[in-house]
Amino acid sequence: MRLFSLLFCFFCLTCQLVAGTAFQLRFTDDIAQICSRYVNSDWPADCRIILEPAKGTLDLTKLANYPAGTRFALLAAELNSPAERRVLLHASADWWFDCYVNNVLVYSTMGRGNGGAADKVRHAFSCNLRAGRNRIVFVVERGVDSMKFFCDIAETATPVRTAAPPAMERDLPLPPPEEPLKFHPAITHMTPESMLIRVVTTIPVALGAEAIFSGGECFTAPGDGVKRTCHTIELGHPAKRTQGSFRLFARDGKKYPGLTTSWPVRCFGGDGPAKILVFGDTQHSTLFRLDLLKKYSRLAEREETDFVIHLGDVDSTTDNFENRYFGAFLDPFARMFAGRSLMPVRGNHEFIGREKERWNDFFSSRKRKTFDTFRCGGIFFAVLDSGTQSPTAALAEEQRKMLAEALRSSAFRQADYRILVIHGADIAPENSPDKIGLTMRRILAPFQNGADFDLMIAGHVHRYRRIEPGRYPFPIVTLDGPGGIRENSALVVQSGRDGLTLRAFTPEGVEFDRFTIPGRRKFPGFGTE
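Residues numbered from 1 in each chain as written. Predicted model: local features only at pLDDT ≥ 70, side-chain atom pairs only at ≥ 80, totals over all residues. Heavy atoms only, no water.

Examining helix α5 (residues 393-407)
Step number 1: Between the first and last C-alpha of α5 there are 21 Å, a value that for 15 residues agrees with the 21 Å anticipated at 1.5 Å per step.
Step number 2: Listing the buried residues of α5 in full gives L395, A396, Q399, M402, L403, A406 and L407. Taken around the axis of α5, the buried residues stretch over an arc of 130 degrees, which confines them to a single face. Of the exposed residues in α5, the ones pointing more than 90 degrees away from its buried face are A393, A394, K401 and E405.
Step number 3: Buried residues along α5 sit against β22 (372-376), β23 (379-383), α6 (410-413) and α7 (438-444). (Helix = DSSP H or I, 4+ residues; strand = E, 2+ residues; numbered from the N terminus. Expected span 1.5 Å × (residues − 1). Buried < 20%, exposed > 50% of the residue type's maximum accessible area, 1.4 Å probe, protein only. Arc of directions from axis to C-beta. Contact = heavy atoms within 4.5 Å.)

What follows is the structure, encoded as structure tokens:
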């Protein structure tokens with residue numbers, strides 16, 4: 001028999017009630033402890049207190065005081081129990097939730113998500129209440145289109161659990177940097193000659209950067225002298241595989257506390273072997289994505305990879321872009337990956353939301369483009385932008401021009417191997433509603449469908465597959481993503497005398513596939529499901 005419904009509420013630091021009657025929430029004790037577990041979340045600025053009875057499924061975004069773009073909400077209820085007892089909770093959310101009872105995590109969907117619409121898929125789990133006062137807290141992270149939530153409670157004598165909480169490391173919050181840095185600086189778009197330093201500051205300031213490498217080689221980039229809060233600084237480095245460190249400085253000579261720190265950097269050259277870590281489609285919950293980054297950083301260190309490619313769809317939407325993409329992705333990437341550069345690929349989720357134009361602030365190439373070419377060791381990379389489900393001819397035309405110029409370059413002609421990287425490959429059946437592959441088709445058509453390339457690596461389909469040459473003259477590898485056979489997977493690509501060796505890994509670093517591509521020759525038996 002159902003006993004009661006819960007009253008839930010948003011909250012903020014001031015904790016001023018705006019509707020209903022309930023106990024006074026305080027941003028202290030267990031509430032503060034729970035909030036501290038969600039690194040770079042929107043607490044408390046994007047939260048409001050809103051008290052609402054849980055009558056059926058509640059869409060939090062439809063409430064009058066919901067701040068647009070908020071990705072987290074904390075909902076709490078205080079329950080008085082006459083004695084110790086076990087209760088059964090039914091809950092669902094669009095798309096992720098954690099449930100705490102008396103500050104203990106009892107259930108979580110932060111790993112695989114809700115598994116279906118919040119008004120159709122309910123999660124059932126039991127927990128113990130103590131005699132007297134109990135506090136139940138839900139942390140809800142929104143999906144792409146809505147932020148729906150449902151919960152009720154019933155008596156039960158039998159423990160019930162439909163799924164175990166994911167085995168994630170919950171000690172992820174990291175201390176923020178000192179002023180004027182809002183986040184830790186990150187390295188992107190490394191080539192054999194230079195790299196881009198991405199920085200966000202809390203105040204407008206003109207920044208420069210300098211680096212020193214093994215052997216004493218020094219490089220300095222004074223910057224353009226313009227005061228801003230979003231910075232991209234191109235900094236040179238030795239044209240060889242080496243390590244060093246860089247630091248930032250203010251052009252006005254002021255000694256800011258946050259600019260006294262040095263950060264590591266790993267460089268690669270334009271010749272010799274190369275080893276690259278590739279993964280993508282990380283539009284999981286924030287906690288799950290941070291857990292992925294930590295696990296993949298260990299894989300990168302163990303395999304001694306030169307840099308990292310992300311195949312796009314960092315998050316589900318671009319709303320609150322600075323916190324989502326820099327705060328909850330680039331910042332932890334910079335801290336965890338020990339000076340490695342990131343090569344970003346734009347996915348279709350980077351076109352969703354109110355701040356999609358800000359992608360160029362943090363991820364564009366030196367020419368402010370969403371596509372690029374470069375060389376690492378003996379591998380030539382062409383990074384393409386597949387656009388959206390409604391691709392434009394203009395986007396394909398720009399990339400055709402880039403590719404035509406690249407194919408004439410010495411970097412391309414002298415490369416041992418040539419790899420295409422894209423978010424959405426042209427692999428869907430002709431009658432499929434998924435049209436994201438049309439951009440790839442338009443780009444490669446003038447070049448014999450890419451006959452001079454050895455391999456393509458793609459994401460988007462959230463499924464690990466090896467697709468042998470057919471529609472295109474090169475093999476295609478796609479990786480796992482949310483809801484796939486695995487929630488994510490990574491590829492380590494290594495060049496050598498005998499070909500490209502590719503090894504597929506789970507986030508835990510367990511190898512589950514390995515194969516070799518011997519250059520531009522056919523490779524029978526490559527395809528696999």
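Observations concerning the sheet that holds strand β17 (residues 242-250)
Step number 1: Spatially, four strands are ordered β15-β14-β17-β18 in an open sheet, and the strand pairing comes out antiparallel. Of all the strands in the sheet, just β15 (218-221) and β18 (263-267) have a single pairing partner and so form its edges. This sheet shows a mean twist of 25 degrees between the axes of neighbouring strands, independent of strand direction.
Step number 2: Sheet topology note: the strand β14 (residues 207-213)/β17 ladder contains seven bridges and is antiparallel. Looking at the pairing, A209 lines up with L248 of β17. (Pairing = 2+ DSSP bridges. Axes fitted to C-alpha atoms, helices over the stretch in contact; angles between N-to-C directions.)

Some remarks on unusual backbone geometry
Trans peptide bonds make up most of the peptide bonds, and negative phi angles are found at most residues other than glycine.
Step number 1: Along the chain, D94 connects to W95 via a cis peptide bond; the corresponding omega equals 20 degrees.
Step number 2: Cis geometry is found at the peptide bond from E179 to P180, where omega equals 5 degrees.
Step number 3: Structurally, P180 can be placed in the loop between β11 (148-155) and β12 (186-188).
Step number 4: We note that E304 has phi near 55 degrees; this positive angle belongs to a residue other than glycine.
Step number 5: Of note, E304 is situated in the loop between α2 (286-303) and β20 (307-310).

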